[in-house]
Amino acid sequence: MSSRAFPSKEKINTRKHYLKVKNNLPAKNGIIYHRGGITHTRDDTDVELDFRQESNFSYLSGVEAAGYHIVIVLESDTIYLIRPDTPKAEQLWKGIPEPDAILMERYNVDHILLDTQLKEFLKHLEPKVIFTLDITSIDYNNYIPNEFEKRIDREHLKAAIHEARLTKFSWEISLLRYATHISSHAHINLISHCGEKYRHGQEINEAELEARFRWICGKNGLSRQCYIPIIASGPRAAVLHYTNNDKIIPNDQHALVLVDAGGEYRCYGSDVTRTFPVSTKFSKEAKTIYNIVLKAQNAVLARLKPGVFWKDMHDLVVRILCHELVKIGILIGDEKELIQLGVYRAFYFHGKYTNSYLEGSFKLVMGTGHSVGLDCHDVGGKEISILDTTRKGFPLHLLLKPLDKDMVITVEPGLYFNDVSIDLWTKNSDYRQYFDVDKINQYRVIGGVRIEDTVLITCNGIENFTVVPKEVQDIEALMQ
């Protein structure tokens, strides 16, 4: 794909990001201060680690390079970008910094300062309050006057940014769409490649697929992955966040490959999962489980629009999965009782463990979907930022407000035949009666299935950014 197809950089306007954040702050005086990421080196070496900008700083500034700060004066809406004062000796190795005029035009800021000027500049401003984040690194010796310590507010900016990031502007949507389209084509390539290798009797390693996915993304402008790719084959497809990616893919008629991977463009990411058969044809058991998961995903996709509560979508998936598992004989009993007891969680452990004996035994894992943006598991709005004391985004089923236009989210139901989970449930005397172990053993050979799309909430429905085939017949045709 030609670079001409890349979304235009000129359309990005982070000043609108700031105004959106300002509207969510409790006061309209003082300043916003945030320090971007800095480069780090591998332990006890001078080898630099790959740098990726801190997401909130990227949101406020658009800057992807290391060592920058931003100061925004709320009363006048004046934006100061503070760049590193790079010594000549360092320029010898790193290159000459770009002129201030280019930085001002590119990032739509009013002034450029050097980081060596920041401390005196803040003394001159005399801000009444400094809104910053709890993750912002503040060096009082070099940047912030010591006497300003009591003026720092680390509480309100986080909620304001998280609320602002939940819905996207048009240029953000363009970047997310592009990242998902390219990632989709990488998924298509992997499915086709695996089919070709199988037909020629050639062995495949999970690492080969990861390298191929990264290469396709990279040559189309997605130089970084949104997260470590999950290339899980055979029994490893039942492990939610398997990232070793170093095993030979089993040559077995039942075996599946689950690829959960998405590239990132200008810090905006994507999240796509596809599951396909190693042998180019789904076995009877694999097809049955796959179509159950696809039925659940399609049911959600058909209902998404502004005003929908995500918890209702998560509950819909649970009802469908539970009904189908009873229908094929894996679960036994009344469906409402099975849901109330949480028995379905033996095979679908997305979301919070409630109403089950596993509550408190596991950390919160991904739900049926999540917001996507500058992070894969993106921040989720004001309510979530109050619940969440870390930077991590929470699953959407904890969002206390309905979905809204211009949100970008994933829909990712799954079913997993994970030995650890199955043993925990079926060997417990209180729950053994709800499982047919013989039926479980019939299906556990497939590992697991997950199907995930990244979609945009529109005025009356969705735009699905993901263009990878997912019907059984289409996947099998692609592998031929």
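Residues numbered from 1 in each chain as written. Predicted model: local features only at pLDDT ≥ 70, side-chain atom pairs only at ≥ 80, totals over all residues. Heavy atoms only, no water.

Chemist: Quick question: what am I supposed to make of the sheet that holds strand S11 (residues 268-269) here?
Modeler: Adjacent strands of a sheet form backbone hydrogen bonds with each other and so pair up, either parallel or antiparallel. With antiparallel pairing, 3 strands are arranged side by side in an open sheet as S7-S10-S11. In the strand order of this sheet, the two ends are held by strand S7 (224-225) and S11, each with one partner. Pairing geometry for strand S10 (residues 263-265) and S11, over 2 bridges, is antiparallel. Bridging from a neighbouring strand, Tyr265 pairs with Tyr268 of S11. (Pairing = 2+ DSSP bridges. Helix = DSSP H or I, 4+ residues; strand = E, 2+ residues; numbered from the N terminus.)

Chemist: Mind showing me how you'd approach helix H1 (residues 14-23) here?
Modeler: Residues spaced three or four apart along an α-helix face the same direction, because each turn holds 3.6 residues. Taken together, the buried positions of H1 are Thr14, Arg15, His17, Tyr18, Val21 and Lys22. Down the axis of H1, the buried side of the element spans an arc of 150°, and every buried residue falls inside it. Its side-chain oxygen at 3.1 Å from the backbone nitrogen of Arg15, Asn13 defines the N-terminal cap of H1. (Buried < 20%, exposed > 50% of the residue type's maximum accessible area, 1.4 Å probe, protein only. Arc of directions from axis to C-beta. Polar contact = N/O pair within 3.5 Å; in protein donor to acceptor, adjacent residues only side chain to side chain.)

Chemist: Explain helix H6 (residues 156-165) to me, please; I cannot follow it from the model alone.
Modeler: Among the 10 residues of H6, 7 are classified as buried, and the element is accordingly described as predominantly covered. By the burial criterion, the buried members of H6 are Leu157, Lys158, Ala160, Ile161, His162, Ala164 and Arg165.

Chemist: Looking at this structure, how should I read the pattern of salt bridges?
Modeler: Opposite charge on two side chains permits pairing when their charged atoms draw close. Counted according to the given criterion, the structure contains 30 salt bridges. With a closest N to O distance of 3.0 Å, Asp375 and Arg165 form a salt bridge. You can see Asp375 sitting in the loop between helix H11 (335-341) and helix H12 (382-387) and its partner Arg165 sitting in helix H6, a full 210 residues away along the chain. For Lys197, the salt bridge identified is with Glu208, shortest N-O distance 3.3 Å. One end of the pair, Lys197, is in helix H7 (residues 170-199); the other, Glu208, is in helix H8 (residues 206-219), and 11 residues separate them in sequence. The exposure class assigned to Lys197 is buried, which follows from its relative accessible area of 15%. Through salt bridges with shared partners, a single ionic network connects Asp50, Arg52, Arg224 and Glu264. (Salt bridge = Lys/Arg side-chain N within 4 Å of Asp/Glu carboxyl O.)

Chemist: What exactly am I supposed to notice about the nonpolar core here?
Modeler: The nonpolar side chains of soluble globular proteins are, as a tendency, buried together. If you look at the biggest cluster of nonpolar residues, it comprises 113 residues, and the most contacted ones within it are Ile32, Leu304, Phe347 and Phe435. If we ignore the near neighbours within four places in the chain, the residues touching Leu304 are Trp310, Met313, Leu403, Ile409, Val411, Val455, Ile457, Gly461 and Ile462. Grouped together as the second largest cluster of nonpolar side chains are 16 residues, Tyr33, Leu113, Ile138 and Tyr143 included. (Core = buried A, V, L, I, M, F, W, Y, C linked by side-chain atoms within 4.5 Å. Contact = heavy atoms within 4.5 Å.)

Chemist: Before we go on, may I ask you to explain the packing of aromatic side chains in this structure?
Modeler: Aromatic rings in a pair are described by how distant their centres are and how their planes are angled relative to each other. A full pass over the atoms with the stated rule returns 10 aromatic pairs. On the numbers, 5.4 Å between centres and 50° between planes, the contact of Phe347 with Phe417 is tilted. In this pair, Phe347 is assigned in the loop between H11 and H12 and Phe417 in the loop between strand S14 (414-416) and helix H13 (419-426), connecting sequence segments 70 residues apart. With relative accessibility at 3%, the residue Phe417 sits in the buried group. Geometry around Phe169 places Lys20 over its ring, the cationic atom sitting 4.9 Å from the centre. (Phe/Tyr/Trp six-rings, centres within 6.5 Å; stacked < 30°, edge-to-face > 60°. Lys NZ or Arg CZ within 6 Å of the ring centre and 35° of its normal.)

Chemist: In this structure, what is going on with the pairing of strand S9 (residues 256-261)? I would like to understand it.
Modeler: On a regular strand, one side chain projects to one face of the sheet and the next to the other, so that they alternate. Of all the 6 residues making up S9, 6 are buried; the element is thus mostly covered by neighbouring parts of the structure. Alternating residues of S9 divide into Leu256, Leu258 and Asp260 and Val257, Val259 and Ala261, and every residue in both groups is buried. Pairing analysis gives 4 bridges linking strand S8 (residues 230-233) to S9, with the strands arranged antiparallel. Across the sheet, the residue bridging to Ile230 is Asp260, located in S9. One ladder, built from 6 bridges, connects S9 with strand S12 (residues 272-277); its direction is antiparallel. Along S12, the bridge assignment pairs Ala261 with Val272.

Chemist: Could you clarify how one ought to interpret the sheet that holds strand S13 (residues 408-411) in this entry?
Modeler: The strand order S13-S16-S17 describes an open sheet built from 3 strands, whose pairing is antiparallel. If you trace the sheet from one side to the other, it starts and ends with S13 and strand S17 (462-464), each paired once. The sheet shows a mean angle of 35° between the axes of neighbouring strands, taken without regard to direction. Pairing between strand S16 (residues 453-457) and S17: 3 bridges, direction antiparallel. Within S17, the position partnered with Ile457 by the bridge is Ile462. (Axes fitted to C-alpha atoms, helices over the stretch in contact; angles between N-to-C directions.)

Chemist: For this particular structure, what's the right way to read the packing of H7 against H8?
Modeler: Pairs of packed helices are described in terms of their axes, by the angle between the two and the distance that separates them. Axis separation between H7 and H8 bottoms out at 9 Å; the angle between their running directions is 140°. One element, H7, and the other, H8, form an angle in the oblique class. For the element pair H7 and H8, the recorded crossing hand is right-handed. Seen from H7, the contacting residues are Ile182, Ser183, Ala186, His187, Asn189, Leu190, His193, Cys194 and Lys197; seen from H8, they are Glu208, Leu209, Arg212, Phe213, Ile216 and Cys217. Tallied by class, the residues present in the contact of H7 with H8 amount to 8 nonpolar, 4 polar and 3 charged. (Parallel < 35°, antiparallel > 145°, perpendicular 65-115°, else oblique. Left-handed = near helix turned anticlockwise from the far one by under 90°. Nonpolar A, V, L, I, M, F, W, Y, C, P; charged D, E, K, R; others polar.)

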